[in-house]
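Secondary and tertiary structure notes
Each chain, written out:
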Amino acid sequence: MSRAQEVMKVSDGSLLGDPGRTPLSKDGVKWQRPRLTRQALMRCCLVKWILSSAAPQGSDSSDSELELSTVRHQPEGLDQLQAQTKFTKKELQSLYRGFKNECPTGLVDEDTFKLIYSQFFPQGDSSTYAHFLFNAFDADGNGAIRFEDFVVGLSILLRGTVHEKLKWAFNLYDINKDGYVTKEEMLAIMKSIYDMMGRHTYPILREDAPLEHVERFFQKMDRNQDGVVTIDEFLETCQKDENIMSSMQLFENVI
């Protein structure tokens, strides 16, 4: 099974157009939603990309601390990263080894993100989504992401609390980073996901599905009807609305 097939196997229409709906497979058995466990960690596109270049899992990792000093950009110590994330030291060692192999400078750029997602979603156009996702990871906006920032972000997306994940999602939707999410910004994100994978989900999504999805979100989120959603409105609405939470499967499917 190819990388793309593995990812698409867990995709479904709830991402953009059918909140809370879990489609049935041909034999009538419900598809299981991915769980945020070690299995989900291995399903993540970014993690798969890293580990595909890592040394075999059974190899000696005792020199990992030494490895941290061999690249031009030196990440923080493993102990400090372990304290900052919800990854184990062994997981961090594997992630770092693969990251160093793919990005010897210790930094990942936007072109790398675009290459990653073009490999996992070859039947769609993933460039716009990869651009938005990169900007969400690139907190200081300098055009490059350090290993430390990379794994801290992954830790939130894969093993963070609901509150932490929602804050990260808000940051993704807030494209211009002004502290507000507009309908146009949310639609741009949804369209980028649709362009990347929407036409290959089950059930098949209509062309207007992203817009309908955004309209429903804004009706509930924009409490004071001022045309923008604040972080407080976003968090409060998402956490109180089961349908929205069910449709917020973004990070389990396309990270």
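Residues numbered from 1 in each chain as written. Predicted model: local features only at pLDDT ≥ 70, side-chain atom pairs only at ≥ 80, totals over all residues. Heavy atoms only, no water.

1. Focus on the overall build of the chain
For clarity, the cut-off: Helix and strand assignments follow DSSP, with helices taken as H or I runs no shorter than four residues and strands as E runs no shorter than two, numbered in order from the N terminus. Residue exposure (1.4 Å probe, protein chains only): buried if accessible area is under 20% of the type maximum, exposed if over 50%, otherwise partly exposed. Throughout, the Shrake-Rupley method with a 1.4 Å probe supplies accessible areas, and for residues the shown protein chains are the sole cover considered.
From N to C terminus, the chain includes 15 helices and four strands. Per-residue burial over the chain gives 49% buried out of 255 residues. Counting every atom, the chain has about 12300 Å² of accessible surface; 49% of that belongs to carbon and sulfur.

2. Description of the UniProt feature "domain: EF-hand" (unreviewed entry) in the chain
Convention followed: UniProt positions are given in the numbering used here, feature names are shortened, and annotations may be inferred rather than shown by experiment.
Those places that UniProt annotates as "domain: EF-hand" (unreviewed entry) correspond, in this numbering, to residues 125-160, 161-196 and 209-244. Helix makes up 67% of residues 125-160 and strand 6%, and the two end C-alpha atoms of the span are 29 Å apart. Split by type, residues 209-244 is 72% helix and 8% strand. Its first and last C-alpha atoms lie 15 Å apart.

3. Here we look at the packing of helix α7 (residues 110-120) against helix α8 (residues 127-137)
Helix-helix packing is described using two parameters, namely the angle between the two axes and the distance between the axes. Note the cut-off: Simply put, an axis is a line fit to the C-alpha atoms, just over the touching stretch for a helix, and the angle between two N-to-C directions goes from 0 to 180 degrees. To sort the angles, those under 35 degrees are grouped as roughly parallel, those over 145 as roughly antiparallel, those from 65 to 115 as roughly perpendicular, and the leftovers as oblique. In a left-handed crossing the near helix is turned counterclockwise from the far helix by less than a right angle, and in a right-handed crossing that turn is clockwise. Residues count as neighbours in contact if any of their non-hydrogen atoms are within 4.5 Å of one another.
Where α7 contacts α8, the axes come no closer than 9 Å and their chain directions differ by 130°. In terms of orientation, α7 and α8 fall into the oblique class. At the point where α7 passes α8, the crossing takes the right-handed sense. Residues E110, F113, K114 and Y117 of α7 pack against S127, Y129, A130, H131, L133, F134, N135 and F137 of α8.

4. With respect to the pattern of salt bridges
Between side chains of opposite charge, a pair can form when the charged atoms approach closely. Condition: By definition here, a salt bridge exists when the distance from a side-chain nitrogen of Lys or Arg to a carboxyl oxygen of Asp or Glu is within 4 Å.
Overall, the coordinates contain ten salt bridges when judged by the stated rule. For R223, the salt bridge is made with E236, and the minimal N-O distance between the two is 3.8 Å. Of this pair, R223 sits in the loop between α12 (209-221) and β4 (228-230) while E236 sits in helix α13 (residues 231-240); the two residues are 13 residues apart in sequence, bridging distant segments of the chain. A residue is classified by how much of its surface remains accessible, and E236, at 34% relative accessible area, is partly exposed. The salt bridge involving E236 is made with K240; its shortest N-O contact spans 3.1 Å. Pair noted here: E236 and K240 are both in helix α13, with a separation of four residues, about one helical turn. Under the relative-accessibility criterion, K240 is labelled exposed at 63%. Linked through salt bridges whose partners overlap, the residues forming this network are R146, E148 and D149.

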